[in-house]
Amino acid sequence: MKNIVLFGAPGVGKGTHAGILAEKYDLLHLSTGDLLRGEVAQGTPLGLRVKASMERGDLVGDDVVIALVDKALASTEQGIILDGFPRTVQQAQALDFLLRNHRRKLSCVISIDASRDELVRRIHERAVISGRTDDADDNVIRHRLEEYDAKTKPVTDYYKVSGLLVSIDGSGEINQTSMRLCKVVDMLLSGNV
Ligand code: ADP
């Protein structure tokens, strides 16, 4: 059973590619952003708690997302592809603990890389169809990228140490990036990563 983390900055295409990989390799696509937006849309107590942070482009509290991932892991026996989690070193440590508790092992962390200009361009493009308020405001976009640099990027060092990190170029078209990602997952399935 494969448990894959898809890692990268806001706008790099984690959601798109996690969806494609989930379908192709029969994995459960677990997006903390989608789970949180679901809670906000339903107006649950958790949704009310995180709404303002998300609108500002702040990360929400580690405890909140860790609990969401724990719940999702408890509800499936399928292999998973995580999108948007972990986003802090503390979340990465919690993921190790959660996977062990659910008798799983992290297979690989695939980082999708693209330039800052390209990320901003893609977020603007996505805003038109996503209807996400955090995609439509330049200050919020800037703040999300700052949060990424300050809190999320250090997660790569965490995984470099464990030898689980693979980086791929995500600057091109969707199908180019998709081919690169599939190559990594195919190698993983054949035991060569
Ligand atoms: P993007 O990758 O474009 O920023 P996401 O859908 O992954 O979009 O996340 C949207 C927002 O949800 C984030 O800006 C943050 O407020 C919140 N969020 C999602 N995942 C996490 C997480 N793992 N930790 C903290 N906040 C999160």
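Chemist: Help me understand the side chain of Asp134, please; the structure alone is not making it clear to me.
Modeler: Topologically, Asp134 is positioned in the loop between helix 6 (116–130) and helix 7 (138–152). Looking at Asp134, its side chain comes within polar contact range of the side chain of Arg132, at 2.9 Å. Ignoring anything within four residues of it in the chain, the contact list for Asp134 reads Met54, Val140, Ile141 and Arg144.

Chemist: How should I be thinking about the nonpolar core in this particular structure?
Modeler: Side chains of a nonpolar character, in soluble globular proteins, are inclined to be buried together. Counting residues in hydrophobic clusters, the biggest one holds 50 residues, and the most contacted among them are Leu6, Leu21, Leu36, Ile81, Leu82 and Ile110. The element best represented in this core is helix 4 (residues 62–74), accounting for 7 residues. Ignoring any residue separated from it by four or fewer positions in sequence, one finds Ile110 in contact with Ile4, Val5, Leu6, Phe7, Val166, Ile168, Leu181, Val184 and Val185.

Chemist: So what exactly am I meant to see when it comes to the sheet that holds strand 3 (residues 80–83) here?
Modeler: Through backbone hydrogen bonds, the strands of a sheet pair up, either in parallel or in antiparallel fashion. Spatially, 2-3-1-4-5 is the arrangement adopted by the 5 strands of the open sheet, whose pairing is parallel. Each of the sheet's edge strands pairs with one partner strand only, and the pair in question is strand 2 (28–31) and strand 5 (165–169). On average, adjacent strands in this sheet sit at an angle of 20° to one another, irrespective of strand direction. With 5 bridges joining them, strand 4 (residues 108–113) and strand 5 adopt parallel strand pairing. Following the sheet pairing, Ser111 is matched in strand 5 by Ser167. Where helix 2 (residues 32–42) meets the sheet, it contacts strand 2 and strand 3, and its direction lies at approximately 65° from that of strand 2.

Chemist: I keep staring at the site of the ligand and nothing clicks. Help me out?
Modeler: In the vicinity of the ligand, 20 residues are found, and the nearest of them are Thr32, Arg37, Asp58, Gly84 and Arg126. One of the side-chain nitrogen or oxygen atoms of Lys14 is found 2.9 Å away from an oxygen atom of the ligand. The backbone of Gly84 places a nitrogen or oxygen atom 2.8 Å from a nitrogen atom of the ligand. Taken by itself the ligand offers 550 Å² of open surface, and the protein chains cover 97% of this. Residues of the shell around the ligand, tallied by class, amount to 7 nonpolar, 5 polar and 8 charged.

Chemist: Just checking my understanding: could you explain the packing of aromatic side chains for this structure?
Modeler: A ring pair, where both rings are aromatic, is described by two values, the distance of the centres and the angle of the planes. For the structure shown, the criterion picks out 2 aromatic pairs. Ring centres 6.3 Å apart and planes at 45° place the aromatic pair Phe7 and Tyr148 in the tilted group. Here Phe7 is found in strand 1 (residues 3–7), whereas its partner Tyr148 is found in helix 7, with 141 residues between them in sequence. Both residues of the pair, Phe7 and Tyr148, count as buried.

Cut-offs and rules
- For every chain, the first residue of the written sequence is number 1, and numbering continues from 1 along that sequence.
- Confidence filtering applies because this is a predicted model: local features only for residues at pLDDT of at least 70, side-chain atom pairs given and counted only at 80 or more, and all residues used for totals across whole chains, interfaces and linings.
- To obtain the side-chain values, all non-hydrogen atoms of the structure were included, while hydrogens and water were left out.
- Numbering goes from the N terminus for both helices and strands, where a helix is a DSSP run of H or I of at least four residues and a strand is a run of E of at least two.
- Polar contacts here mean pairs of N or O atoms no more than 3.5 Å apart (in protein, one a potential hydrogen donor and the other a potential acceptor; neighbouring residues in sequence count only if both atoms are side-chain atoms).
- Residue contacts are counted whenever heavy atoms from the two residues lie within 4.5 Å of one another.
- Nonpolar core, defined: a set of buried Ala, Val, Leu, Ile, Met, Phe, Trp, Tyr and Cys residues in which side-chain atoms within 4.5 Å join the residues together.
- Burial classes: relative accessible area under 20% of the type maximum marks a residue as buried, over 50% as exposed, and values in between as partly exposed (1.4 Å probe, protein chains only).
- DSSP-based pairing: two strands are paired if at least 2 bridges between them are found.
- Every axis in this analysis is a line fitted to C-alpha atoms, fitted for helices over the stretch in contact. Angles between the N-to-C directions lie between 0 and 180 degrees.
- Nearness is defined per residue: one heavy atom within 4 Å of the molecule or strand is enough.
- A 1.4 Å probe and the Shrake-Rupley method give the accessible areas. Residues count as covered only by the protein chains that appear here.
- Side-chain classes follow a simple rule in which Ala, Val, Leu, Ile, Met, Phe, Trp, Tyr, Cys and Pro form the nonpolar group, Asp, Glu, Lys and Arg form the charged group, and the remainder, Gly included, forms the polar group.
- To pair, rings of Phe, Tyr and Trp, with the six-membered ring standing in for Trp, must have centres within 6.5 Å; the planes then decide the type, stacked if under 30 degrees apart, edge-to-face if over 60, and tilted in the middle.

So far we have only geometry, and geometry alone does not tell us how the molecule works.
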